[in-house]
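Each chain, written out:
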Amino acid sequence: MSFFKGIGCGLLLALASYFYIRSRRRPDSNMKVMVSMEEFKGQPRLPKFAVPKRYDIRLKPNLTTCKFAGSVAIELKIVADTSFIVLNAAELSIDTTSVSFTHPAAHSSNSKQQVLKPLKVDVVKEDEILVLNFADTLPIGLGLLTIHFQGSLNDKMKGFYLSTYEHNGEKKNMAVTQFKPNDARRCFPCWDEPACKAMFKITLDVPSQLVAISNMPIIEEKVDGDLKTISYQESPIMSTYLVAIVVGLFDYVEHLTSDGVKVRVYCQVGKVNQGKFALDVAVRTLELYKEYFAVPYSLPKLDMVAIPNFAFGSMENYGLVTYCETSLLYDVQHSTTADKQRVVIVVAHELAHQWFGNLVTMEWWTHLWLNEGFATWVSYLAADCLFPEWKVWTQFLDDYTEGLEMDGLTESHPIEVKINHASEIDEIIDSISYIKGASVTRMLQSYLGADCFQRSLASYVKKFACSNAKTEDLWAALEEGSGEPVNKLMNSWTKQKGYPVISVKVEDQKLVFEQSRFLASGTHGDGQWIVPITLCCGSYDVRKNFLLQKSSETLDMKELMSDESNLASAWVKLNVDQTGFYRVEYDEDLEDRLRNAIENKYLSATDRFGILEDSFALCMARQKSFTSFFTLMNAYKEELEYTVLSNLIKMSYKVERITADAAPESPVNIIYFFINLFLHSAMKLGWEPKTGESHMDAMLRGEVLTALAVFGHNLTLEEASRRFLAFLDDRNTPLLHPDIRKAVYVAVMRRVSTSNRFGYESLLRVYRETNLSQEKARILSSLTSSPDPNITLEALNFLLSSEVRTQDAVLGLAVSREGRETAWTWLKDNWEHISKTWGSGYLITHFINSIVSPFASLEKAEEIQEFFASRTNSKIARTLKQSIERVHINAYWVESFRIEVQNELARALMEIVQACAIQ
């Protein structure tokens, strides 16, 4: 019966194959196919001759030799005339003698099946395909393809790979899979494309003392001495990238949802208590999504596993979600408030995929954002429902800003990117697919209304359950549910790169709006968008929403305010609550009104955030002067909201670097300005947590103290040193709460030098003694904070040592301003090793972006370009271009500052800075 499951979903593939074959026939061929193996090379996708229906996979990993053996029997439907079967395989040794295709004998009363052996078995390494050439045309209909193979448990954190952990002081191995985006082919031959959904029956032969988990529950386990054979229930239809296997030594905690779904969190032995918080979040999130999507979770169990070596933060495998430890485990005593929030957001993100990605799957990687953008958005929706007191939508603005920053580059890309080859996928797993995707989803929900949006989504999920969808399918569902022109509106946001800046000014008591593409370089950009404009005038009770569909439009302010006497002074705020993915540039008069509204606390935290963020971006693009930006920043001197201050801190780091590059002889007043800006909140928050304080205050304390440490505030450095010494004597001292540890570690490193190594060596000792991944991450991200280049080099070399897990090395790449040149030399000297170790995945992009982007001279940009001229490949090409573009932007900004401090604005700028400086 399973032989015939899912046949209907091959109709479109069959039609595609029909035309694919016809294009390759001779005019007089009488249906005889003329295809050579060469025609399969260099193609973006597999040919559609055959459609997989069901996989029966058996694997035997050897954790000692780091090898595995396997076999796969794939039920296929041949849908077009062909003598070839082409599927994906990579880094596997195929037993060519084992390959066969079996099908029922046609037109015969004999019940025997016909077994066909290929004439030729070819592995095309560069295209990662396996080509089977048979002597005759294969019969249309169902058949069974059987292949035996062997492979290695690699150290690249993709495919079927090896992770390590310690148990009772002894190093142990575990076997783990990571197949997204296209690495199932490294574990078993398959049709490794998201549209090729099938069912999976998995059997594992593993050491009897280990735990072995897969997507589905165990249905049989047979122990034979040191080995056991585990068979799992057959999965529902799903894509290959969602298949998962984990084999190792684990503890677990479990709970049931209200409808009987068994949820477990697996972690290393001894860490089981750290999984309890994520377990509670998962159970509650499954209940929430069942209601939101109006479709129950579709599997009988959900396992979540913490993996020590894991390249991504997490992975949504169907029924078996894998995480790096910092994304799943929460230690009540030693984890931070931010760590706790991260667990909620990441768990909610991956569980959203169980519906949006796993149940309904993108048709091809061009539509990656459908999975990732939506899951990012809905993870905040879930977190807000579970923990409303956290105000996570205000914190979503941190992500939102990251998306705006990347999409403001010339070297950005549209949300929907045509993927021509599987090797290109890694480069679009970025802030555009995830964060811009989430932001435009939020914008659309705000425009359509929450209830309408939810109903339409539920309809979409039901319609495309167990199949594939494209972006247009989602727009059609939302358009049908709302009656709004969703497709027309959203195409302007997903099919072109970039976003607009909306310029607004007052002329004759009318608001004049103009849109143009925003570019961080300050150059002119092409593009026009249908923009959902929201605005308030003088009060949040006076609102106006409309679609800006042309390059310019006007609005009579008298329509907004009945009291005309207030027209000349009322503040006007566009993009209310920052729900729109665009920037706003106000004329001088409107900007003055908003600054007054900020000082008088008339505006919400999200709107105060938006005004500051847009002003900073316009200053960086040289569309606004430093003087006006510093004047605006001064209005935030009593700011206490986490989201606003956190963003202001990030800006301060950038501005301090730029001004130091522009005028290295006189950056002191700028530093004093920022110290004064943050001291107010630091004194309010103090060093100790307060009873009943908010979630956001708990997170803010560490960020403010870190900023004061970076800027060299002596009292902060002294107090941090005192608390660190107490911590070295007693790791459980209340003087060093987890929320301020990063700040203290940075403060300690700011005083480390070649002649004073105590702080550095002490942090290394703490790193080596702790088994908490979050603590290790805090230390790694602090070690390169020293102003001494020699210490920076030593810390960078430590990142490459065996003491640091491969995925954690990127945590220490954000070096101090003084260490930039050292880091660049280090990158060049170690590029061959870095490229070999991290070059097969997306982590390699962190090395380039973190070390290249902070520079601020055209000469350095040229040097970087020359170095990479012969070292660029498809995995880093886009990141390299973006990073070099950032260097150019920084260089132009430096020059802009130099010009400004040399002309008549210099006095005004210095007066603002000095008025706020601590003497």
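Residues numbered from 1 in each chain as written. Predicted model: local features only at pLDDT ≥ 70, side-chain atom pairs only at ≥ 80, totals over all residues. Heavy atoms only, no water.

(A) Structural view of the overall build of the protein. Counting its regular elements, the protein contains 27 helices and 29 strands. Relative to the globule expectation of 29 Å for 919 residues, the C-alpha radius of gyration of the protein, 29 Å, shows essentially globular dimensions. If one aligns the C-alpha atoms of the protein with their principal axes, the spans along those axes are about 95 × 65 × 60 Å. Across the protein, contacts joining residues at least 24 apart in sequence account for 72% of those joining residues at least 6 apart. For the protein, the exposed surface amounts to about 35300 Å²; the carbon and sulfur share of it is 50%. Here the protein contributes 97 positively and 114 negatively charged side chains, and the mean placements of these two sets differ by 5 Å. (Helix = DSSP H or I, 4+ residues; strand = E, 2+ residues; numbered from the N terminus. Rg over C-alpha atoms; globule rule 2.2 N^0.38 Å. Contact = heavy atoms within 4.5 Å. Areas by Shrake-Rupley, 256 points an atom, 1.4 Å probe, with all protein chains shown as cover. Lys, Arg positive; Asp, Glu negative; His and termini not counted. Charge placed at Lys NZ, Arg CZ, Asp CG, Glu CD.)

(B) Molecular detail of the pattern of salt bridges. Inspection of the entire model under this criterion finds 56 salt bridges. With a shortest N-O distance of 3.1 Å, Glu193 and Lys48 are connected by a salt bridge. One end of the pair, Glu193, is in the loop between β10 (170–178) and β11 (199–207); the other, Lys48, is in the loop between α1 (11–22) and β1 (50–62), with 145 residues separating them in the sequence. No difference in accessibility class separates Glu193 from Lys48, as the two residues are buried. Between Glu718 and Arg751 there is a salt bridge, with the nearest N and O atoms lying 3.1 Å from each other. Remark: Arg751 occurs in the loop between α18 (738–750) and α19 (758–769) and Glu718 occurs in helix α17 (residues 714–729); sequence separation between them is 33 residues. Residue Arg751 is classed as partly exposed on the basis of its relative accessible area of 33%. Here the residues in one salt-bridge network are Glu91, Glu128, Asp183, Arg185, Arg186 and Asp192, joined through shared partners. (Salt bridge = Lys/Arg side-chain N within 4 Å of Asp/Glu carboxyl O. Buried < 20%, exposed > 50% of the residue type's maximum accessible area, 1.4 Å probe, protein only.)

(C) Spatial organisation of the environment of Gly580. If you trace the backbone, Gly580 turns up in the loop between β28 (572–574) and β29 (583–586). Overall, the relative accessible area of 2% leaves Gly580 in the buried class. For the pair Gly580 and Phe867, spaced 287 residues apart in sequence, the C-alpha separation works out to 39 Å.

(D) Seen up close, the packing of helix α13 (residues 626–634) against helix α14 (residues 642–662). α14 packs onto α13 with a crossing angle of 145 degrees between their chain directions and a minimal axis gap of 13 Å. By crossing handedness, the relation of α13 to α14 is classed as left-handed. The residues of α14 that touch α13, namely those facing Phe626, Phe629, Phe630 and Met633, are Leu648, Met651, Val655, Ile658 and Thr659. By residue class, the composition of the contact of α13 with α14 is eight nonpolar, one polar and no charged. (Axes fitted to C-alpha atoms, helices over the stretch in contact; angles between N-to-C directions. Left-handed = near helix turned anticlockwise from the far one by under 90°. Nonpolar A, V, L, I, M, F, W, Y, C, P; charged D, E, K, R; others polar.)

(E) The nonpolar core, seen in detail. With 315 residues, the main nonpolar core has Leu145, Phe188, Trp191, Met304 and Phe678 as its most contacted residues. Setting aside anything within four residues of it in sequence, one finds Phe678 in contact with Leu645, Leu648, Ile649, Ser652, Val704, Ala707, Leu708 and Phe711. (Core = buried A, V, L, I, M, F, W, Y, C linked by side-chain atoms within 4.5 Å.)

(F) A look at the UniProt feature "binding site: Zn(2+)" (unreviewed entry) in the protein. Here, UniProt's "binding site: Zn(2+)" (unreviewed entry) annotation points to His349, His353 and Glu372. A compact arrangement is adopted by the annotated residues: their sequence extent is 24 residues, whereas the largest C-alpha distance between any two is 8.5 Å. Relative to the assigned elements, His353 resides in helix α4 (residues 337–353). Tracing the backbone shows Glu372 in helix α5 (residues 368–386). What makes Glu372 buried here is its relative accessible area of 1%. The contacts of Glu372, once residues within four sequence positions are left out, are Lys180, Glu316, His349, His353, Ser433 and Tyr434. (UniProt positions renumbered as here; feature names shortened; annotations may be inferred.)

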